[in-house]
Amino acid sequence: MKNVQTVTVSQEWDKTFAKSDKVEHQKVQFRNRFGNTVVGDLYMPKNAKGKLPAIVVSGPFGAVKEQSSGLHAQTLAERGFVTLAFDPSFTGESGGAVRDVASPEMFTEDFSAAVDFLGLQAFVDREKIGVLGVCGLSGMAISATSVDSRIKAVATTAMYDMSRSMSKGYEDYYTPEQQQKIIKHISEQRWKDAENGNFALGWHELGFDENGNVATGTEVLPKTLEANAPEMLKRFHDYYRGRAYHKNAINSNSAWTATTPYSFFAFPLMANTDLLGDKPVLLVTGTNAHSRYYSEDVYKQLRTPNKELLIVDGADHVDLYDNLNKIPFDKFEAFFKANLK
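Keep in mind that what you see is a predicted model, and the values were worked out from it rather than measured.

**Comments concerning the overall build of the protein chain**
Okay, step 1: The helix and strand tally for the protein chain stands at eleven helices and twelve strands.
Okay, step 2: Expressed along its principal axes, the backbone C-alpha trace of the protein chain runs to roughly 65 × 45 × 40 Å.
Okay, step 3: Per-residue burial for the protein chain yields a buried fraction of 56% across its 341 residues.
Okay, step 4: Contacts in the protein chain between residues at least 24 apart in sequence constitute 71% of all its contacts with a sequence separation of at least 6.
Okay, step 5: Split by element, the accessible area of the protein chain, about 15,000 Å² in all, is 49% carbon and sulfur.
Okay, step 6: Between the centroid of the 38 positive side chains of the protein chain and the centroid of its 42 negative side chains there is a distance of 6 Å.

**Description of unusual backbone geometry**
Okay, step 1: Here G59 and P60 are connected by a cis peptide whose omega angle stands at -5°.
Okay, step 2: With respect to the helices and strands, P60 occurs in the loop between β3 (52-58) and α1 (68-78).
Okay, step 3: One non-glycine residue, E171, lies in the positive phi region at around 55°.
Okay, step 4: Examined against the element boundaries, E171 turns out to sit in the loop between α4 (162-168) and α5 (176-196).
Okay, step 5: Of note, D172 is a non-glycine position whose phi angle comes to about 60°, a positive value.
Okay, step 6: Secondary-structure assignment places D172 in the loop between α4 and α5.
Okay, step 7: With relative accessibility at 31%, the residue D172 sits in the partly exposed group.

**Thoughts on the packing of helix α2 (residues 104-119) against helix α3 (residues 138-147)**
Okay, step 1: Where α2 contacts α3, the axes come no closer than 8 Å and their chain directions differ by 65°. Seen along the crossing, α2 lies across α3 with a hand that is right-handed. Where α2 abuts α3, its residues P104, F107, T108, F111 and S112 lie against M140, A141, S143 and A144.
Okay, step 2: Looking at the contact of α2 with α3 residue by residue, the classes come out as six nonpolar, three polar and no charged.

**Brief notes about the pairing of strand β5 (residues 124-134)**
Side-chain direction in a regular strand flips from residue to residue, so the side chains alternate between the two faces of the sheet.
Okay, step 1: Most of β5 sits inside the fold, with eight of its eleven residues counted as buried.
Okay, step 2: Note: β3 against β5, six bridges, orientation parallel. Bridge pairing in β5 links L52 to V124.
Okay, step 3: Across six bridges, the pairing between β5 and strand β6 (residues 151-157) is parallel. Its bridge partner being in β6, L132 is matched across the sheet by A155.
Okay, step 4: Considered for its hand, the β-α-β crossover made up of β5, α3 and β6 is right-handed.

**A word on the nonpolar core**
Okay, step 1: Counting 85 residues, the largest nonpolar core has F61, F107, F111, L118, Y321 and F332 as its most contacted members.
Okay, step 2: In terms of residues, this core owes the most to one element, α2, which gives eight residues.
Okay, step 3: Excluding its chain neighbours within four sequence positions, the residues that come into contact with F111 are V56, S58, F86, V131, L132, L137, M140, A141 and A144.
Okay, step 4: Within the second largest apolar cluster, five residues are counted, among which are Y174, I186, L206 and F208.

**Concerning the sheet that holds strand β4 (residues 82-86)**
Okay, step 1: Taken in spatial order, the eight strands line up as β1-β2-β4-β3-β5-β6-β11-β12 in an open sheet, and their pairing is mixed. Edge positions in the open sheet fall to β1 (23-31) and β12 (307-312), since each of these has one partner strand only. Direction aside, neighbouring strands of the sheet carry axes that sit 20° apart on average.
Okay, step 2: Strands β1, β2 (37-45), β3, β4, β5 and β6 of the sheet are contacted by α1, whose axis makes an angle of about 175° with β4.
Okay, step 3: Against the sheet, helix α11 (residues 329-339) engages β3, β5, β6, β11 (281-286) and β12, with an angle of about 165° to β6.

**Structural notes on the pattern of salt bridges**
Okay, step 1: Tallied over the full model, the rule gives 29 salt bridges.
Okay, step 2: One salt bridge connects E66 with K65, and the closest N-O pair in it is separated by 2.9 Å.
Okay, step 3: R235 is the salt-bridge partner of D319, the closest N and O atoms lying 2.8 Å from each other. Here D319 is found in helix α10 (residues 319-322), whereas its partner R235 is found in helix α6 (residues 231-243), with 84 residues between them in sequence. Like R235, D319 is buried.
Okay, step 4: Three or more residues are tied together by salt bridges with common partners; here these are D14, K15, K27, D41, K65, E66, D87 and E93.

**Describing the side chain of D110**
Okay, step 1: Take D110: it is sitting in helix α2.
Okay, step 2: Although D110 is buried, it makes no salt bridge; R33 carries the closest opposite charge, 9.1 Å away.

**Quick look at the packing of aromatic side chains**
Okay, step 1: Tallied over the entire structure, the rule returns 18 aromatic pairs.
Okay, step 2: An angle of 90° between the planes, with centres 6.0 Å apart, marks the rings of F61 and F264 as edge-to-face. Within this pair, whereas F61 is found in the loop between β3 and α1, its partner F264 is found in helix α8 (residues 261-266), the two being separated by 203 residues in sequence. Assigned by exposure class, F61 and F264 land together as buried.
Okay, step 3: An aromatic cluster is present here, built from F61, F107, W256 and F264 joined pairwise through their rings.
Okay, step 4: The ring of W13 carries K15 above its face, with NZ or CZ at 5.2 Å from the centroid.
Okay, step 5: The ring of Y262 carries the charged tip of R190 above its face, separated from the ring centre by 4.6 Å.

Calculation rules
- Residues numbered from 1 in each chain as written.
- Predicted model: local features only at pLDDT ≥ 70, side-chain atom pairs only at ≥ 80, totals over all residues.
- Heavy atoms only, no water.
- Helix = DSSP H or I, 4+ residues; strand = E, 2+ residues; numbered from the N terminus.
- Buried < 20%, exposed > 50% of the residue type's maximum accessible area, 1.4 Å probe, protein only.
- Contact = heavy atoms within 4.5 Å.
- Areas by Shrake-Rupley, 256 points an atom, 1.4 Å probe, with all protein chains shown as cover.
- Lys, Arg positive; Asp, Glu negative; His and termini not counted.
- Charge placed at Lys NZ, Arg CZ, Asp CG, Glu CD.
- Axes fitted to C-alpha atoms, helices over the stretch in contact; angles between N-to-C directions.
- Left-handed = near helix turned anticlockwise from the far one by under 90°.
- Nonpolar A, V, L, I, M, F, W, Y, C, P; charged D, E, K, R; others polar.
- Pairing = 2+ DSSP bridges.
- Right-handed = clockwise from strand over helix to strand, strands pointing away.
- Core = buried A, V, L, I, M, F, W, Y, C linked by side-chain atoms within 4.5 Å.
- Salt bridge = Lys/Arg side-chain N within 4 Å of Asp/Glu carboxyl O.
- Phe/Tyr/Trp six-rings, centres within 6.5 Å; stacked < 30°, edge-to-face > 60°.
- Lys NZ or Arg CZ within 6 Å of the ring centre and 35° of its normal.

Right, dumping it as structure tokens:
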């Protein structure tokens, strides 16, 4: 495309997982239809010949391609696919003037822009492209598949529906009164940002203090946790602040812009799943995943007859990020080989 704004990136290995000797890797960049430059990691099986099926991968929400999505992409490339793990707009190495802001429309568009890029490569069969959404990008993966006929199949793992999470709270605990308090909080924050000329940081999933007021903070995860912290929080902390720390990841270092929930209240990600038609959908979660209900509820909602819910025995939410003994790569391989043909 003309007038693509390039981003300076290094080709040196900078992932939180070991490099495979079975694949070729390079960083690439492309433009979405809003003009943002998206940066991704392209993985190809070594000694590949002909046109191959391809998979676009992204997520979790607040992570970068050097973490879980890259691990999924590299492993699937070992199994014969061209894969592209990308940083959504405004995050990681991707472009966007305002940093660390999330947009359901923009992130959905980024998946389709990745399809644009892959479909122009001589080694990709553009009739055999699928997507895989990890955690909080799962909703955008489904949204993109719903409106982009070029995407032939979609899989999700450790799903979080971020519009539901931000507008209703964990397990939909927000009361209507609490929802209105959050809307007022975000709206008032817009005045502050406008007056200050910058965009303050804040939690994207807001809580309430002991007095019933909206609670927020400037880090998704604190540098240290209290000993009595919930197990779910400990698992996230061990991943983002520990074994998979990356300097570019929001979850590892800071928070989203404080007004990020604004558009997720306005645009429910699962509103148009009927547009999937009969496209194949695979939803993966774990028996012990605190997020399990998202996958189960979406599975019930989907009308496509080509849907499958896989619940991995003994796996929790974060296991599905990087636990090679729990991530069902055999299932992902079989699903995409069966449906990208």
